[in-house]
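Letter by letter, the chains look like this.
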Amino acid sequence: LWIALRISRGITDPIQRLAFATQQVAAGDLDIAVDIEREDEIGLLVNSFNDMVRKLKASKESLESAYLYIKNILNNINSGVIMLDVSGEISMINGAACSILNLDSGEVIHKNYRELLSKINSREIRGLVEGIEGREFKPIKKQVRTFIGDRVSILYIFITSLRDSQKKYIGLLVVFDDVTDIIEAKKALTWQDAARKIAH
C-alpha cells in the first residue's frame, strides 16, 4: 500500500502542479514555469509545457511590439483611420481622424459606429453607410460633404472590409482625408484661368 501511494503521488502531484500552472496561463500569467526535473514521461510532459509557455510569451511580446509599431505609424499619418470590429464597434481611431472630425477618441472608442455618425452632420455619409450596412460590398472610394462644427468640409473616403487569412470577415476599415482646401484651391485656379481667358 505504501509503495502504491508513493507511485501514485509521483504521478498525481506533478499533474496537479501542471493543472494549476495551466490555470495560471489561462488567466494570462506567462511567467510561470513548472519546476520538476524527471527523465520519464512526466518529465517530458513538464518540459513540453514549459517550452510551450516560453513560446507563448515570446509570441505575445512580438504581437504587442507589432501592435505598438502599427499604432505609432497610424497616429503619425495625416489620414484619418477608423477600424470597426464584426459587431460594428469602433476598435481603433487615430489622432488624425479625431482632428478632422473635431472630436475626442474617448467619445467613440469601443462604441458602436452609430455613436460616431450621430456626431457627424452629413446626409451623404449616412446614405453611404446605409448602402453597405449588413451586406457584402466592394471597396468604396467617394467624396462626400459634411458639416464639422460650423464649417463645411469635403472628405475623400475609402471603405473596405477586413478579412483574415481564411477570408473570414473580421471588420471594417475606413480611411479618409479632408480635401476641402485642395478643392477650394482647384476652384480658385479654375476661376483665375477663366478670368485670364476672358481678359485675353
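Owing to the predicted nature of the structure, the values given are computational and were not obtained by experimental measurement.

Enquirer: What am I meant to see in the nonpolar core here?
Expert: Soluble, globular proteins show a tendency: their nonpolar side chains are buried together. Counting residues in hydrophobic clusters, the biggest one holds 28 residues, and the most contacted among them are Ile 82, Leu 101, Ile 159 and Phe 176. Where this core is concerned, the elements lending two or more residues are β1 (80-84), β2 (90-93), α3 (95-101), α4 (113-117), α5 (123-132), β3 (140-148), β4 (151-163) and β5 (169-178). Setting aside residues up to four positions removed in sequence, Phe 176 forms contacts with Ser 79, Gly 80, Val 81, Ile 82, Ala 97, Ile 100, Leu 101, Leu 155, Tyr 156 and Ile 157. If you look at the next biggest cluster of nonpolar residues, it comprises eleven residues, including Leu 18, Ile 32, Val 34 and Val 53.

Enquirer: How should the sheet that holds β3 be read in this particular structure?
Expert: Within a sheet, neighbouring strands are paired by backbone hydrogen bonds and run either parallel or antiparallel to one another. Taken in spatial order, the five strands of this open sheet run β2-β1-β5-β4-β3, and their pairing is antiparallel. In this open sheet, the two strands that pair with only one neighbour each are β2 and β3. Across this sheet, the average inter-strand angle for adjacent strands is 25 degrees, counted without regard to direction. Where α5 meets the sheet, its contacts fall on β3 and β4, and the angle it forms with β3 comes to roughly 140 degrees.

Enquirer: Where do I start with a nonpolar patch on the surface in this structure?
Expert: A surface patch of nonpolar side chains, amounting to about 390 Å² of accessible area, comprises Tyr 69, Ile 70, Ile 73 and Ile 77. Examined against the element boundaries, Ile 73 turns out to sit in helix α2 (residues 41-74).

Enquirer: Please explain α5 as it appears in this structure.
Expert: Turn by turn, an α-helix covers 3.6 residues, leaving residues three or four places apart pointing in a common direction. Every buried residue of α5 is listed here: Ile 125, Leu 128, Val 129 and Ile 132. Projected down its long axis, α5 shows its buried positions confined to an angular sector of 95 degrees, all on one face. Those residues of α5 that are exposed and angled more than 90 degrees off the buried face are Arg 123 and Glu 130. On its buried face, α5 sits against α4, β3 and β4.

Enquirer: What am I meant to see in the layout of surface pockets here?
Expert: Over the atoms a probe the size of a water molecule is rolled, and this reveals where empty space is left. Reported here for the largest pocket is a volume of approximately 610 Å³. Around the largest pocket, the lining comprises 29 residues; the ones closest to its centre are Leu 84, Tyr 113, Val 129, Ile 132 and Leu 172. Among the secondary structure elements, those contributing two or more residues to the lining of the largest pocket are β1, α4, α5, β4 and β5. Broken down by element, the lining of the largest pocket gets its largest block of residues, five residues, from β4. Residues that form the lining of the largest pocket fall into these classes: 20 nonpolar, four polar and five charged. Lining the second largest pocket are Leu 63, Ala 66, Tyr 67, Ile 70, Lys 71, Leu 74, Met 83, Ser 91 and Met 92.

Enquirer: Sorry, what's going on with the side chain of Asn 50 here?
Expert: Among the structural elements, Asn 50 can be located in helix α2. Once you skip the residues sitting within four places of it in the chain, Asn 50 turns out to touch Ala 33 and Val 34.

Enquirer: What is the right way to look at α2 in this model?
Expert: Along its 34 residues, α2 runs 49 Å from first to last C-alpha, staying within 8% of the 50 Å computed at 1.5 Å per residue. Among all positions of α2, only Ile 42, Gly 43, Val 46, Phe 49, Asn 50, Val 53 and Leu 74 are buried.

Enquirer: How do you make sense of the pattern of salt bridges when you look at a structure like this?
Expert: When the charged atoms of two side chains lie near each other, side chains of opposite charge can form a pair. For the coordinates displayed, the defined rule picks out six salt bridges. The shortest N-O distance in the salt bridge between Asp 51 and Lys 55 comes to 3.4 Å. Here Asp 51 and its partner Lys 55 are both found in helix α2, four residues apart, which amounts to about one turn of the helix. The shortest N-O distance in the salt bridge between Asp 178 and Arg 151 comes to 3.4 Å. A residue pair is termed long-range when its members are at least 10 positions apart, and Asp 178 in strand β5 and Arg 151 in strand β4 qualify at 27 residues. Given the relative accessible area of 30%, Asp 178 is considered partly exposed.

Enquirer: Just checking my understanding: could you explain the environment of Ile 182 for this structure?
Expert: Note on placement: Ile 182 falls in helix α6 (residues 180-199). The sequence separation of Ile 182 and Ile 154 amounts to 28 residues, and the corresponding C-alpha distance is 9.4 Å.

Enquirer: Explain the environment of Gly 95 to me, please; I cannot follow it from the model alone.
Expert: Here Gly 95 lies in helix α3. Sequence-wise, Gly 95 and Ser 79 are 16 residues apart; in three dimensions their C-alpha atoms are separated by 9.1 Å.

Scoring rules and cut-offs
Residues numbered from 1 in each chain as written. Predicted model: local features only at pLDDT ≥ 70, side-chain atom pairs only at ≥ 80, totals over all residues. Heavy atoms only, no water. Core = buried A, V, L, I, M, F, W, Y, C linked by side-chain atoms within 4.5 Å. Buried < 20%, exposed > 50% of the residue type's maximum accessible area, 1.4 Å probe, protein only. Helix = DSSP H or I, 4+ residues; strand = E, 2+ residues; numbered from the N terminus. Contact = heavy atoms within 4.5 Å. Pairing = 2+ DSSP bridges. Axes fitted to C-alpha atoms, helices over the stretch in contact; angles between N-to-C directions. Patch = residues over 30% accessible without salt bridge, like charges linked within 9 Å, V, L, I, M, F, W, Y side chains within 5 Å. Areas by Shrake-Rupley, 256 points an atom, 1.4 Å probe, with all protein chains shown as cover. Salt bridge = Lys/Arg side-chain N within 4 Å of Asp/Glu carboxyl O. Arc of directions from axis to C-beta. 1 Å grid on protein atoms, 1.4 Å probe; cavity = no way out; pocket = protein on both sides within 12 Å on 5 of 7 lines; lining within 4 Å. Points joined across faces, edges and corners; volume = space filled by probe spheres on them. Nonpolar A, V, L, I, M, F, W, Y, C, P; charged D, E, K, R; others polar. Expected span 1.5 Å × (residues − 1).

Function cannot be inferred from these measures alone, as they are strictly geometric.
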